[in-house]
Amino acid sequence: MNGARLRKILYGAAYRVAAQIYPRRCPLCGEVLGTDAVAAVLCRNCLAGAKKLLHNPPRLADTEHSFYALDGAASVFYYEDEIRYAILCTKLHGQPWLARELSDMVAIRLFGALPASQPGGIPRYDPPGGLSPYDCIVPVPPRRGSDSGPRLPDLMAGRLARILHLPVCRDLYPVRMMRPQKQLSLAERLKNQKDGYALHATNHVMGRRVLLVDDIITSGATVSACAMALYQGGAASVSAVSLAVDEVRKK
């Protein structure tokens, strides 16, 4: 038995033990997920709220965002109500483990992965025709000077990499200080992010189809600036996915 195979077996055993000691919880309300969990990621009580916030269709329109350097972008939810609460709990309130269920929602909704058979399991992904549309996953990096703590895009990238059977490239980084995007206008956001990212090395993205992962997409300025850096590093294509999108919800 080779080392990689042994590590995989040991990791799987440790994961199962951890699932028994620390039962998985619904990311929207915190309740322990039972055998009746929806897709092994949500409790029944949160299903209606999650459906209400689904972004249909998942693809994000160029007319509502500034995707000047992306081949496409998609998101699972609108950034409101229960989804906003779950993201904030993961990022700011010391519950990074919720990233697993949130990432599983992305895999199931956007990539057609089959839900795990029980909470704590891994969704099963079989790419169409046996060929993945991507070669690697790149998480959007935090801006310089931001508070330390768990980074949801990085946690999502790691989980999605395991589900989609892709490597993660963490060579993307911000080259300078950038202002927080929250209080900026669209023009200011684009200027703030322009030429703001680069790659430590290009060998992991050169000629590859890149899946860029972020937790929230708002104007598209950040993911587009990241995509520009990836193209400058030789990427063949860059598409972005996010858990949520901050735009006016269609009733």
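Note that the structure is predicted; figures quoted are calculated from it, not measured.

Reading the values: the criteria
- Residues numbered from 1 in each chain as written.
- Predicted model: local features only at pLDDT ≥ 70, side-chain atom pairs only at ≥ 80, totals over all residues.
- Heavy atoms only, no water.
- Pairing = 2+ DSSP bridges.
- Helix = DSSP H or I, 4+ residues; strand = E, 2+ residues; numbered from the N terminus.
- Axes fitted to C-alpha atoms, helices over the stretch in contact; angles between N-to-C directions.
- Contact = heavy atoms within 4.5 Å.
- Salt bridge = Lys/Arg side-chain N within 4 Å of Asp/Glu carboxyl O.
- Buried < 20%, exposed > 50% of the residue type's maximum accessible area, 1.4 Å probe, protein only.
- Core = buried A, V, L, I, M, F, W, Y, C linked by side-chain atoms within 4.5 Å.

Our next topic: the sheet that holds strand E1 (residues 72–78). With respect to topology, four strands assemble into an open sheet ordered E1-E6-E5-E2, the strand pairing being parallel. Each edge of the open sheet carries a strand with a single partner, namely E1 and strand E2 (136–139). Across this sheet, the average inter-strand angle for adjacent strands is 20 degrees, counted without regard to direction. Alignment of E2 against strand E5 (residues 209–217), held across four bridges, turns out to be parallel. Looking across to E5, one finds that Pro 139 is bridged to Val 213. Contacts between helix H4 (residues 99–111) and the sheet are confined to E1, E5 and strand E6 (237–245), with E1 contributing the most and set at about 125 degrees to the helix.

Tallied over the full model, the rule gives seven salt bridges. With a closest N to O distance of 2.8 Å, Asp 135 and Arg 209 form a salt bridge. Placement of the pair is Asp 135 in the loop between H4 and E2 and Arg 209 in strand E5, with a sequence separation of 74 residues. Judged by its relative accessible area of 31%, Arg 209 is partly exposed.

Generally speaking, a soluble globular protein has its nonpolar side chains buried in company with each other. Among the nonpolar cores identified, the biggest contains 44 residues, and Phe 111, Ile 137 and Leu 164 are the most heavily contacted of them. Residue assignment for this core shows that the elements contributing at least two residues are E1, helix H3 (81–92), H4, helix H5 (152–164), E5 and E6. Once residues within four sequence positions are removed from consideration, Ile 137 is found in contact with Ala 157, Leu 160, Ala 161, Leu 164, Leu 166, Pro 167, Val 168, Cys 169, Leu 211 and Val 213. With 28 residues, the next largest nonpolar core counts Val 138, Cys 169, Cys 226 and Val 245 among its residues.

Attention shifts here to unusual backbone geometry. Looking along the chain, the bond that leaves Asn 56 and enters Pro 57 is cis, with omega of -10 degrees. Within the secondary structure, Pro 57 is located in the loop between helix H2 (47–52) and E1. In this structure, Ala 39 is a non-glycine residue whose phi angle is positive, near 55 degrees. Positionally, Ala 39 belongs in the loop between helix H1 (3–21) and H2.

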